[in-house]
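Understanding the architecture of this molecule
Listed here are the chains, written in short residue letters.
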Amino acid sequence: AVTVEHFTVGRVNRISSVHLHAGGKGLNVARVLSLLGAPVEAVAPVGGDSGRFLVRRLAAEGIPFAGVEIDGETRTNLKVADSSTDTHTDINEPGPALSPGALAALKDRFLGGLGPGDWAVFSGSVPPGVDKGLYGQWIAEARQAGVRTVLDADGEALALGLAAGPDLIKPNQDELEAWVGHSIEGEEPLFEAVAALRHAGAQTVAVSLGPRGAWLFQ
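Here the structure is a predicted model, which means the values were calculated and not measured. (Residues numbered from 1 in each chain as written. Predicted model: local features only at pLDDT ≥ 70, side-chain atom pairs only at ≥ 80, totals over all residues. Heavy atoms only, no water.)

1. As for the overall build of the protein
Quick note on the threshold: Going along the chain from the N terminus, every DSSP run of H or I of four or more residues is numbered as a helix, and every run of E of two or more is numbered as a strand. Exposure is judged per residue with a 1.4 Å probe applied to protein chains only, and the accessible area is read against the type maximum: over 50% gives exposed, under 20% gives buried, and values in between give partly exposed. Every residue pair with non-hydrogen atoms within 4.5 Å of one another is taken to be in contact. Per-residue and other accessible areas were derived by the Shrake-Rupley procedure at a 1.4 Å probe size, with only the shown protein chains allowed to occlude residues. Note on charges: Lys and Arg go in the positive column, Asp and Glu in the negative column, and His and the chain ends are not counted at all. For charged residues, the charge sits on one atom: NZ in Lys, CZ in Arg, CG in Asp, CD in Glu.
When its secondary structure is counted, the protein shows seven helices and 11 strands. With the C-alpha coordinates of the protein rotated into their principal frame, the extents come out at 55 × 45 × 35 Å. Considering the protein as a whole, with its 218 residues, one finds that 34% of them fall into the buried category. Taking all contacts inside the protein whose residues are at least 6 apart in sequence as the whole, residues at least 24 apart take part in 53%. Of the roughly 12300 Å² that the protein leaves accessible, carbon and sulfur atoms contribute 55%. Each charge sign in the protein was given a centre, from 17 positive and 26 negative side chains, and these centres are 4 Å apart.

2. Comments concerning the nonpolar core
What counts, and what does not: Definition used in this section: a nonpolar core is a set of buried Ala, Val, Leu, Ile, Met, Phe, Trp, Tyr and Cys residues joined via side-chain atoms within 4.5 Å.
If you look at the biggest cluster of nonpolar residues, it comprises 36 residues, and the most contacted ones within it are F122, W138, L151, L190, V205 and V207. Those elements that place two or more of their residues in this core are helix 3 (100–111), strand 7 (119–123), helix 4 (134–144), helix 5 (155–162), helix 7 (187–200) and strand 10 (204–208). Those residues within four positions of L151 in sequence are excluded, and the remaining contacts are F122, Y135, I139, A157, L158, G161, L162, P166, L168, I169 and K170. Formed by 11 residues, the second largest nonpolar core is a distinct cluster that contains V40, A42, V46 and L54.

3. Thoughts on the packing of aromatic side chains
This is how the line gets drawn: Whether two aromatic rings pair depends on their centres lying within 6.5 Å, for rings of Phe, Tyr and Trp, where Trp uses its six-membered ring; planes under 30 degrees apart make the pair stacked, over 60 edge-to-face, and the rest tilted.
This model, assessed by the stated rule, comprises five aromatic pairs. Arranged with centres 5.4 Å apart and planes meeting at 80°, the rings of F191 and W215 form a pair that is edge-to-face. Residue F191 is found in helix 7, and its partner W215 is found in strand 11 (residues 214–217); the two are separated by 24 residues along the sequence. Through pairs of rings, three or more aromatic residues link up here, namely F110, F122 and Y135.

4. Looking at helix 1 (residues 25–35)
This is how the line gets drawn: Relevant arc is that of directions from the helix axis to the C-beta atoms, nothing else.
Looking at helix 1, one finds that the buried residues are L27, A30 and R31. Viewed end-on, helix 1 has its buried residues packed into an arc of 100°, placing them on one side of the element. If you follow the buried residues of helix 1, they end up packed against strand 3 (42–46), helix 2 (48–61) and strand 4 (65–69). In the stretch just after helix 1, G37 is the one whose phi turns positive, near 90°.

5. Some thoughts on the environment of S84
To keep it simple, the criterion reads: Contacts described as polar in this section are N or O atom pairs within 3.5 Å, which, within protein, must combine one atom able to donate a hydrogen with one able to accept it, while residues neighboring in sequence count only if both atoms come from side chains.
Here S84 is to be found in the loop between strand 5 (78–82) and strand 6 (87–91). Using a relative accessible area of 35% as the deciding quantity, one classes S84 as partly exposed. In the structure, S84 is positioned 80 residues away from V4 in sequence and 8.9 Å away in space, judged by C-alpha atoms. In this structure the side chain of S84 is engaged in a polar contact, spanning 3.2 Å, whose partner is the backbone nitrogen of H6.

In structure tokens, the structure reads:
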């Protein structure tokens with residue numbers, strides 16, 4: 001995460017501050033749950049120097065973490081904050097591809113540690129080359145084992161995951177608008193979009209709307 005005053009595309013920009021974070025949607029969920037005192041474990045593929053940084057930082061924070069070793073380098077995303085315009089620009093890497101063996105190890109480590117009454121959060125983007133229906137497949141297996149499931153994804157991963165009937169989904173406004181194919185400004189379009197999500201398989205729906213707050217539909 002860097003701070004650049006008067007960030008301008010196509011020009012030389014100078015960074016005034018740099019902060020390194022162990023981030024990602026799933027890890028952020030684990031971090032908040034840990035701070036709230038809930039028993040939690042994060043599971044993710046890790047590789048290279050940035051993967052080792054991730055492991056060290058999570059250990060320093062006391063967040064239980066199971067890293068599955070992979071070839072390649074854990075991705076680093078760049079967040080550019082400009083207080084002069086009150087804007088944030090995200091520049092996200094695609095991340096490393098996963099071999100069939102690494103994917104199988106990740107699945108075994110994640111689903112193998114779950115039992116009836118547990119909650120499993122499937123969060124973030126699917127690695128390059130991996131079937132976009134992966135979350136849906138794993139959600140279906142988890143639910144058969146009595147595990148409650150949460151899906152926080154976008155695009156095709158969200159669309160295919162809905163069919164597995166996750167207990168909770170959490171799209172933001174952009175993700176929901178992309179799924180329904182139109183704007184959801186105002187309450188009525190929002191309610192119609194949530195009804196469509198439920199028809200597609202979602203149960204409880206939490207929608208985050210940035211400065212407009214959030215809605216929870218149960």
